[in-house]
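Chain by chain, the residues:
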Amino acid sequence: MFWGVDNKDFNQWEGTFYDFFFSHFLNYHAFKDERECALYLNQLRPYAKELWQSYQNDINSIFPDYSNTLTQEAYFLRYCPLYSDSLVKILENLNNSMELPITENSNICIISAGPSSELRGILDFSKTIKISSFKNMKFSLVDKMDWKSTRTIIKQALHDYLDEDNVPEIKEVTIDILSDPIIIDTDYDLIFFQNCINEYLSQKQNNEVMNRISKIIEKLTPQGLAIFSERASYKGMNLFFNELSEAENANIIELIKGKIPKYRSIKHIPHILKTEFFKNESGLIASYNNSLEYIVFKKKYNKGFSFIPDKKNFIPEKPEILGKKSFYEGFNLSNLGANKNFGSKLNDGTDDFINGPLSDEWDSADWEDYMSGPDDDFFENND
Ligand SMILES: C[S@@+](CC[C@H](N)C(=O)[O-])C[C@H]1O[C@@H](n2cnc3c(N)ncnc32)[C@H](O)[C@@H]1O
């Protein structure tokens, strides 16, 4: 079988999406050997290109079809490396100006979660505010598709990297949030919407989307927050958020808007993905950088509650932010399933970013000029 540890650059995956999730992608597929894995990665390429193509359209005409498992896995490999750490950046930023309602008992909902790589950012941030017990945390993953194999991979990764009895409860709800009755629980401390608004605006009129979103925001606890985040530069998004915060019928108030300027999200891409998946062809060029925009809403003040939160004095004490630590630190790495040598040689890995390009063509490319994905592909046209 071909496991993560069999990759010659495995020690460079440390602390990355690939360490955490791609090694489980390999476990899940249990490829006979490297060649079989390479064939499968090549099979995913047209699906990744099709996705890229669908994201090039205007904000109101984005209709990716995620129904095929191959498309879902192409999305997972192409976009989740960037998206799995977005929330840790946003939550760290927000934590400087307000207390976030994240505790060991939080009830968290990820709307349009897709594969749900957001889980990594949320758990990673939770660790920085000293949360180490996750067993009482609850997550609801809501999406109109079931994202079967990629969710299985992500849940398997959580089971491997957290103690078996320390895994949060994960509930999956498959509904179209714009059309179906909203049958999700109430009392969420946090509701996340990441990278999905443009798809909603392609399916329904702005006011219908706003009505639906405000109904979901009603499911927040009094201190709860709804956090919307997108890759920066989607024109039209700000306009929609302004409409949302001003909508008379919306039972919501805007708390804060913010940006995370362009940052290096990915330091190293596994060699096998560079040679068999991202082949530097139109529509399939890896993104190493990301920049984000976010906006936070809460439920409108309700007379039943005892205080009106204020932007500055929202909550006086904020949790201490610890030094940036790896998600894996303090976790039990002994329960590693098939990827049994994980963690054994992770200390002296180098990464492409700090040490400069390696010898092959891919690593010598000027990645600043070769970013791709919804925003930069859209504006810079990588062809
Ligand atoms: C670009 S993906 C984002 C996935 C994930 N949030 C992330 O950042 O990787 C957009 C997601 O929105 C979901 N979606 C689109 N329209 C939806 C709807 N009407 N109801 C529920 N989910 C929807 C899609 O199925 C897809 O999973």
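For the structure itself, look to the data block above.
The notes below deal with the structure included here. (Residues numbered from 1 in each chain as written. Predicted model: local features only at pLDDT ≥ 70, side-chain atom pairs only at ≥ 80, totals over all residues.)

1. A few points about helix H1 (residues 17-29)
Look at H1: 17 Å from first C-alpha to last across 13 residues, which is about the 18 Å you get at 1.5 Å a residue. Here H1 lies mainly inside the structure; 11 of its 13 residues are buried. Turning to H1, its buried residues are Phe-17, Tyr-18, Asp-19, Phe-20, Phe-21, Phe-22, Ser-23, His-24, Phe-25, Leu-26 and Asn-27. (Helix = DSSP H or I, 4+ residues; strand = E, 2+ residues; numbered from the N terminus. Expected span 1.5 Å × (residues − 1). Buried ≥ 20, exposed ≤ 12 C-beta atoms within 10 Å, placed from the backbone.)

2. Looking at the environment of Arg-151
Looking at the element boundaries, Arg-151 is found in helix H7 (residues 148-161). Residue Arg-151 is classed as buried on the basis of its C-beta count, with 22 C-beta atoms lying within 10 Å. Not counting residues within four places of it along the chain, the set of residues in contact with Arg-151 comprises Pro-115, Ser-116 and Glu-172. (Contact = placed C-beta atoms within 7 Å.)

3. Concerning the pairing of strand S4 (residues 188-194)
Counting buried positions along S4 yields seven of seven residues, so the element is predominantly enclosed. Alignment of strand S1 (residues 107-111) against S4, held across four bridges, turns out to be parallel. Following the sheet pairing, Cys-109 is matched in S4 by Ile-191. Alignment of S4 against strand S5 (residues 220-231), held across six bridges, turns out to be parallel. Considered in S5, the bridge of Ile-191 is made with Ala-226. (Pairing = 2+ DSSP bridges.)

4. Let's talk about helix H6 (residues 118-128)
Extensive coverage of H6 is indicated by the burial of nine of its 11 residues. Those residues of H6 lying buried are Glu-118, Leu-119, Arg-120, Gly-121, Ile-122, Leu-123, Asp-124, Phe-125 and Ser-126. The first or second residue beyond H6 is Lys-130, which carries a positive phi of 70 degrees.

5. Let's talk about the sheet that holds strand S3 (residues 169-174)
Spatially, the seven strands line up as an open sheet ordered S3-S2-S1-S4-S5-S7-S6, and their pairing is mixed. Of all strands in the sheet, those with a lone pairing partner are S3 and strand S6 (252-264), marking the two edges. For this sheet, the mean inter-axis angle between neighbouring strands, taken without regard to orientation, is 20 degrees. With five bridges joining them, S1 and strand S2 (residues 138-143) adopt parallel strand pairing. Residue pairing across strands places Cys-109 opposite Ser-140, the latter belonging to S2. (Axes fitted to C-alpha atoms, helices over the stretch in contact; angles between N-to-C directions.)

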